[in-house]
There are 2 protein chains.
Amino acid sequence: MQGLTMDDYPLTLTTVARRAEQFHGAREIISRRPDQSIHRTTYSDVLHRARRLAGALADLGVGDGDYVATLMWNQAEHLECYFAIPGMGAVLHTLNPRLHPDELGYIVNHAQDKVIVVDETLLPILAGFSAARQFEHVIVVTHDEPAPEGMLRYEDVVASSEPIRWPEVDERQAAASCYTSGTTGRPKGVVYSHRAALLHALGASLPDALGISSRDTVLPVVPMFHANAWGIPYAAALSGAGIVFPGQHLDAVNVLDLLADERVTMTAGVPTVWMAMLAALDAESQRWDLGRLHTLIVGGAAVPPAVIKGFDAHGLRVLHAWGMTETSPLGSVCHVPSHLEGAEESAVDAYRARQGAAVPLVEIRAKDDEGVEVPWDDTTMGELEVRGPWVASGYHGGEGADKFTADGWFQTGDVVTINAYGCLKIWDRSKDLVKSGGEWISSVDLENLLMAHPAVAEAAVIAMPDEKWGERPLGVIAFVDGRTATDEELREHLSTDFAKWQLPTKFEIVEAIPRTATGKWKKTDLRAQFVPGGVPTAPGGSAA
Amino acid sequence: MQGLTMDDYPLTLTTVARRAEQFHGAREIISRRPDQSIHRTTYSDVLHRARRLAGALADLGVGDGDYVATLMWNQAEHLECYFAIPGMGAVLHTLNPRLHPDELGYIVNHAQDKVIVVDETLLPILAGFSAARQFEHVIVVTHDEPAPEGMLRYEDVVASSEPIRWPEVDERQAAASCYTSGTTGRPKGVVYSHRAALLHALGASLPDALGISSRDTVLPVVPMFHANAWGIPYAAALSGAGIVFPGQHLDAVNVLDLLADERVTMTAGVPTVWMAMLAALDAESQRWDLGRLHTLIVGGAAVPPAVIKGFDAHGLRVLHAWGMTETSPLGSVCHVPSHLEGAEESAVDAYRARQGAAVPLVEIRAKDDEGVEVPWDDTTMGELEVRGPWVASGYHGGEGADKFTADGWFQTGDVVTINAYGCLKIWDRSKDLVKSGGEWISSVDLENLLMAHPAVAEAAVIAMPDEKWGERPLGVIAFVDGRTATDEELREHLSTDFAKWQLPTKFEIVEAIPRTATGKWKKTDLRAQFVPGGVPTAPGGSAA
């Protein structure tokens, strides 16, 4: 073979960092602070400070491949960490403050986090698991206060170093990591390479994905600790879109105020956020001028068609997306396809409630119970498998290898049909998980702990549709003969390992849990008995 | 360093081929045939036939890394070649039928093309250089006729093999090659890797670049033999945009008919095409319904502001782009930036005539005569250098190494200013080249041959602005004492090496050519003397 090919220009997040600072320096980055005040800065300042932070972290002993955790809301300082940590060759490890302290303790140890950056308002969360790990440094984002004893103040750290020049990093080097609870058993770490993160930012920006441009101003309600805020921070920086960060104030009025005041063009979050927002808009439709807002991206759980239509009435377009932590997370986005141009409204509406076509570079297939690929006939159901340059092919430490096929596909656990255009519809999950407010709850873990209660003989947990949260766990209990426990006692028993929002909302008592031929809980029977309609009414939508 | 990173999912054009066939199979691919009839097919058929063609080429002895030339207009069969040849691991080598036969002969030998696919209507062009190279096979696209003696009929070749399954190719393998005349001396080969071509397709599809989506129907007037039709074929296939190919019928009425009849949303070509189209539209503004057409991409040479405004009057948006064969070709696109929202029309108009901001992943810088980087102040001029994952870092065979810096940047030869937002304005070229109708003419080569004429003592060639072609070459001649030659004699002398359109339109006779201190032609003086205004009035715009 002859021929000199294009150079080995590396696909790294430092490319994004350099570009944002050089081309989009003047674009605003706006954050709502804990005291609800508005903080304004620019890409220029954020990236300059990120280069200082990177230098300071190196001075603090952070080296190539070291994990640095963040326990932070969506704000400019978190964006600085998003660039400083991978940019210096370390690994950005975002922590979800909503997890149970024991789970957080497990995660920071499993990842061997060396340093943690934490919001002042999240110090109580840190206190819940800090005994589990000896961080070399705890860096606290405070706005006026000094840092607590033994901790470093974020602003002091940033000020302590000159801005570095980004080093060359290999595109296959780990850039970031996020643990997913969307599996049975312990959370598992998904690790994103620089290459994957950059390609995801490109893919997410495409018109057939989220369509982010330099003319956009994006407000990510979806947290930066949750599947990288769906990739929006890097995509926005690559394109030079302005960003408006809501901080910890995610209630409808605060978000609507920001959308209107800061002339936001795109926003993204889980359905619960938009349901609250729709209610606020319906109540006071004249209060907010959202004339610039062209897209509400909804993911993390299936969005009810009524919500899509509800926003239609306000002239706001809902764009339905699907993904998982394992898919960086963008897997599919539902744009009304060209062949439905001029179709009846009902057909278009039905289409918009689907999870959409896989975005360019993401490959999909579905397999039946025998492992045979199902046709794209929109009728035959199968478990969705995905593959692509930003799809995990394994978990940190090689755990959960059974979720990946020998030929490199990730088995999502979602049961889908696929139409002739590669557009997904998620019907159910093959894995027994409950999805509440966009977050996973493992029914198997709940069952195991319930069955550890002395009064419980058998326990099964299934998902119940819930208007607000999408799904809530329902516990089905068979007591040991002659013994019993109250709902409150069961919940208290579970709270040693589970966060409050993860506990079953309700319990049903049965004589015995029905079993399949192989002795597993026959959850289809339980659903038929206890769930209205027999199957979840809000199927699908994995953890985006 | 711990951590399992994302998999090594290869970035290849077979990903695009698989996706187009699987997701966008039903989307139409429309071609205007030589007899002006309309041919309709789909991605499904094109990709199925491409897999047959790939199998057939292998049967004909084409192996990994072998060069297969195409001498073809824009049409479905060319798209099949675009996928079949790189998809099987060979190298797609597009030939520009407008070059001089000697130049084509040089190019096919330099690339060592093994097989050539040629349009029936271009057989006379092939005859002009076929003596220069012994192709193993000549495959002719005929529609009704049999192939000439000793050649294979394209349809027979396609029919001769079952469709193959795309093999795994390495992302750094050469996928395509295009020779550029945008250099002094002999044409030089730019080689595109699979990775570069795929990343370029992604980059070109971004909203800040061309913004191609599955809802688009694209008509590339820019030829597929010219810098890969600006990447549109692969970008459209990746997104699932419909494609309308104009074949060889590039006159305004034929193009306008297709734009209207096929409900095209985007089209792309050099300024000369649009000037003719604008004249036709101005003459018969009610004749064509272009209600779906949202973007006219103009590149290859600077577009006169009057043309932009002219299309504005018809409700059509001109998008100005810049690039070169060496940049795959997309380098920059001029979108009106967010900071000009609400600005005065004159300010916006002035901005739209610029070459635009480098597209994401393309890095730019400009250097002054001392090799020092100039500030992005929109005032200081420097020679533009570019770098990125789809920018060449060398030519085929290591030629022209002086055009690349030690740190991997390509020196474009364009003299630019850059504003604070990374938006380019091309003022002039540091290299002495003439750009006529989007194609390069080397003034140095013309001068050298002119000076080989027995009557010519000195000869310099400069660019004259030309309303239709952008630029035309002007020859400035000092005769040997006592001798002379007519314009026609000089042109005839040149036509041994140059195509007719490359010959100087006009000659001026001088006593002696002015020289710089170092003895070079002082072309600034010649421009001052012979060119209205002293400098080209249509500066910039390289070979996109």
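Residues numbered from 1 in each chain as written. Chains lettered and ligands numbered in written order. Predicted model: local features only at pLDDT ≥ 70, side-chain atom pairs only at ≥ 80, totals over all residues. Heavy atoms only, no water.

**Some details on the sheet that holds strand S4 (residues 91-94) of chain B**
All names here are of chain B. The strand order across the open sheet formed by seven strands is S7-S6-S5-S3-S4-S8-S9, and the pairing between neighbours is mixed. Of all the strands in the sheet, just strand S7 (152-153) and strand S9 (188-193) have a single pairing partner and so form its edges. Along the sheet, helix H3 (residues 76-87) makes contact with strand S3 (67-71), S4, strand S5 (113-119), strand S6 (137-141) and strand S8 (174-180), crossing S4 at roughly 145°. (Pairing = 2+ DSSP bridges. Helix = DSSP H or I, 4+ residues; strand = E, 2+ residues; numbered from the N terminus. Contact = heavy atoms within 4.5 Å. Axes fitted to C-alpha atoms, helices over the stretch in contact; angles between N-to-C directions.)

**Some words on the pairing of S9 of chain B**
Residue and element names in this part refer to chain B. The buried fraction of S9 amounts to six of the six residues, a majority that puts the element mostly inside the structure. Bridge count for S8 against S9 is six bridges, and the pairing is antiparallel. Considered in S9, the bridge of Ala-174 is made with Ser-193. (Buried < 20%, exposed > 50% of the residue type's maximum accessible area, 1.4 Å probe, protein only.)

**Overview of the relation of the copies chain B and chain A**
Its rotation angle being 180°, the transformation that places chain B on chain A also includes 0.0 Å of axial translation and leaves an RMSD of 0.1 Å. The two molecules are tied by a two-fold rotation axis, judged by turn and shift. Within chain B, the C-alpha atom positioned nearest to the axis of rotation is that of Leu-206 of chain B, 2.5 Å from it. Same-surface contact between copies: 100% of interface residues of chain B are shared with the interface of chain A. (Least-squares fit on C-alpha atoms with pLDDT ≥ 70 in both.)

**Notes on the confidence of the model for chain A**
Parts of the model with low pLDDT should not have their predicted coordinates read in detail. All names here are of chain A. Looking at chain A as a whole, the pLDDT averages 91, with 94% of positions reaching at least 70. With pLDDT under 50 throughout, residues 1-5 is counted as low confidence; its partners more than four residues away or in other chains account for 20 contacts. This stretch, residues 534-544, has a pLDDT under 50; its non-local contacts, to residues over four places away or in other chains, come to 50 contacts. Predicted as a complex, the structure gets a pTM of 0.88 and an ipTM equal to 0.87. (pLDDT = per-residue confidence, 0-100.)

**Focus: the nonpolar core**
Leu-79, Phe-311 and Ile-364 of chain A together with Leu-79, Phe-311 and Ile-364 of chain B are the most contacted members of the largest nonpolar core, which totals 250 residues. With residues near it in sequence (within four places) discarded, Ile-364 of chain A still touches Ala-358, Trp-376, Leu-384, Glu-385, Val-386, Trp-409, Ile-418, Gly-422 and Leu-424 of chain A together with Gln-22 and Phe-23 of chain B. (Core = buried A, V, L, I, M, F, W, Y, C linked by side-chain atoms within 4.5 Å.)

**Overview of the sheet that holds strand S7 (residues 152-153) of chain A**
Residue and element names in this part refer to chain A. Strand order in the open sheet made by the seven strands is S7-S6-S5-S3-S4-S8-S9, with mixed pairing throughout. The open sheet has two edge strands, S7 and strand S9 (188-193), and neither has a second partner. Relative to the sheet, helix H7 (residues 194-205) contacts strand S8 (174-180) and S9, its axis offset from that of S9 by approximately 75°.

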